[in-house]
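Structural characterization, general
For reference, the chains in residue letters:
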Amino acid sequence: MTIPVRQRRKPFRMSLCQTPESTEPLVVAIDGPAGAGKSTVARLLADRLEIPYLDTGAMYRAVGLLAIRAGLSDPLGEAEQIQVAALAGEHIIELMSHKGVVQVTVDDEDVSEAIRTPECALMASAVSAVSGVRSALVPIQRRIGLAHGCVMEGRDIGSVVFPDATLKVYLTASSDERAMRRQLDLQNKGIDTSVDEVKQQQHQRDLQDTSRADSPLHVARGSVVVDSTGLSLDEVVERMLSELQATSKDCLDTNGENTIRSRNYGELVRRRSAPIEEESS
Ligand code: DC
């Protein structure tokens, strides 16, 4: 299978690494703290690579929403943690991606909008520390990601969900810049809040996400660390594309064939590549 990549600034050619027996898909794992720009960058990158964009935080937010609806509050006591794990297992949480738009459903109810509040973000962070919640969601994430390849973002993608991802990126930015971006984001969604308030909530979430016992946020082994402070979105995406190209640096273009060896997906294979799609405008 070949991923045609639209040319924008510089030629970029990439195809999936496949062995005759296996067809491991291209997986780009993006982790990092809240507000680092993961969602926007992951969406743009997925668009360039023409593979689905998957936001795993949305699934934890969905469980957070269930917890709020069940009347639970942060911090969760022992009995509440058991209750939250049961909620994650009992309800059918699905994540879909279509043209960069992520839709999350709980038992067929579309909760994509409802999960985007600051309250839900904080509760998502609390429920994500519960091992029973993680063990319910991680297998679903693996299954969805492996179906067509993906750019998947979260906190443990490169460390737990896809430790052998084709490319692993840890995306970060200064806390001031992260808070400003998130505040703007919320404002655009009609949620009124100050940068200071966002910064304080972000700090609380980062602390919870990095200090929990199960799958804490950290720079996974083999990750490329990208600090997006002061960089434009395009610059970050271009950086990732060149990292991806470097990861598959055994790519040769000879006699109309691409030879790709992915660092993580094994055997060298030769495949005839499809022409690169030119962007129409
Ligand atoms: O990316 P986000 O802000 O929507 O994520 C909400 C919370 O979910 C975040 O504070 C931590 C948790 N999360 C996680 O623990 N693991 C992931 N892979 C994704 C999110």
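Every value quoted in this text rests on a predicted model; they were computed, and no experiment measured them.

1. What to know about the overall build of the protein
The helix and strand tally for the protein stands at nine helices and 13 strands. The 281 residues of the protein split such that 48% are buried. Considering only intrachain contacts with a sequence separation of at least 6, the fraction spanning at least 24 residues in the protein is 72%. For the protein, the exposed surface amounts to about 13,200 Å²; the carbon and sulfur share of it is 51%.

2. A word on the nonpolar core
In this structure, Ile30, Leu45, Leu49, Ile93, Val104, Val151 and Leu171 are the most contacted members of the largest nonpolar core, which totals 62 residues. Among the elements that take part in this core, helix α2 (residues 57-69) stands out by supplying eight residues, more than any other. Excluding its chain neighbours within four sequence positions, the residues that come into contact with leucine 171 are Ile30, Asp31, Gly32, Pro33, Ala36, Gly37, Lys38, Val41, Val226, Ser228, Val236 and Met240.

3. Quick notes on the packing of helix α1 (residues 38-49) against helix α9 (residues 233-247)
For the pair α1 and α9, the least separation of the axes is 10 Å and the interaxial angle reads 55°. Here α1 is positioned oblique relative to α9, judged by the angle of their axes. For the pair α1 and α9, the crossing hand works out as right-handed. Here Thr40, Val41, Leu44, Leu45, Arg48 and Leu49 of α1 lie close against α9, whose contacting residues are Leu233, Val236, Val237, Glu238, Met240, Leu241 and Leu244. Its residues assigned to classes, the contact of α1 with α9 comprises ten nonpolar, one polar and two charged.

4. Here's the deal with helix α8 (residues 195-211)
If you check α8, its first and last C-alpha atoms are 24 Å apart, about what 17 residues at 1.5 Å a residue would give, namely 24 Å. Val198, Gln202, Arg205, Asp206 and Asp209 are the residues of α8 that are buried. Angularly, the buried residues of α8 cover 105° about the axis, an arc narrow enough to put them on a single face. Opposite the buried face of α8, at more than 90 degrees from it, the exposed residues are Asp196, His203, Leu207 and Ser211. On its buried face, α8 sits against α2, α4 (118-127) and α7 (175-188).

5. Let's talk about the pairing of strand β6 (residues 101-106)
As defined by bridge partners, strand β5 (residues 93-98) adjoins β6 across six bridges and the pair is classed as antiparallel. Within β6, the position partnered with isoleucine 93 by the bridge is valine 106. In this structure, the hairpin formed by β5 and β6 is closed by a connection of two residues, where lysine 99 is found at a positive phi of approximately 50°. Here β6 runs beside strand β7 (residues 109-110); their pairing, made up of two bridges, is antiparallel. Counted as the bridge partner of valine 106 is glutamate 109 from β7.

Rules used throughout
Residues numbered from 1 in each chain as written. Predicted model: local features only at pLDDT ≥ 70, side-chain atom pairs only at ≥ 80, totals over all residues. Heavy atoms only, no water. Helix = DSSP H or I, 4+ residues; strand = E, 2+ residues; numbered from the N terminus. Buried < 20%, exposed > 50% of the residue type's maximum accessible area, 1.4 Å probe, protein only. Contact = heavy atoms within 4.5 Å. Areas by Shrake-Rupley, 256 points an atom, 1.4 Å probe, with all protein chains shown as cover. Core = buried A, V, L, I, M, F, W, Y, C linked by side-chain atoms within 4.5 Å. Axes fitted to C-alpha atoms, helices over the stretch in contact; angles between N-to-C directions. Parallel < 35°, antiparallel > 145°, perpendicular 65-115°, else oblique. Left-handed = near helix turned anticlockwise from the far one by under 90°. Nonpolar A, V, L, I, M, F, W, Y, C, P; charged D, E, K, R; others polar. Expected span 1.5 Å × (residues − 1). Arc of directions from axis to C-beta. Pairing = 2+ DSSP bridges.

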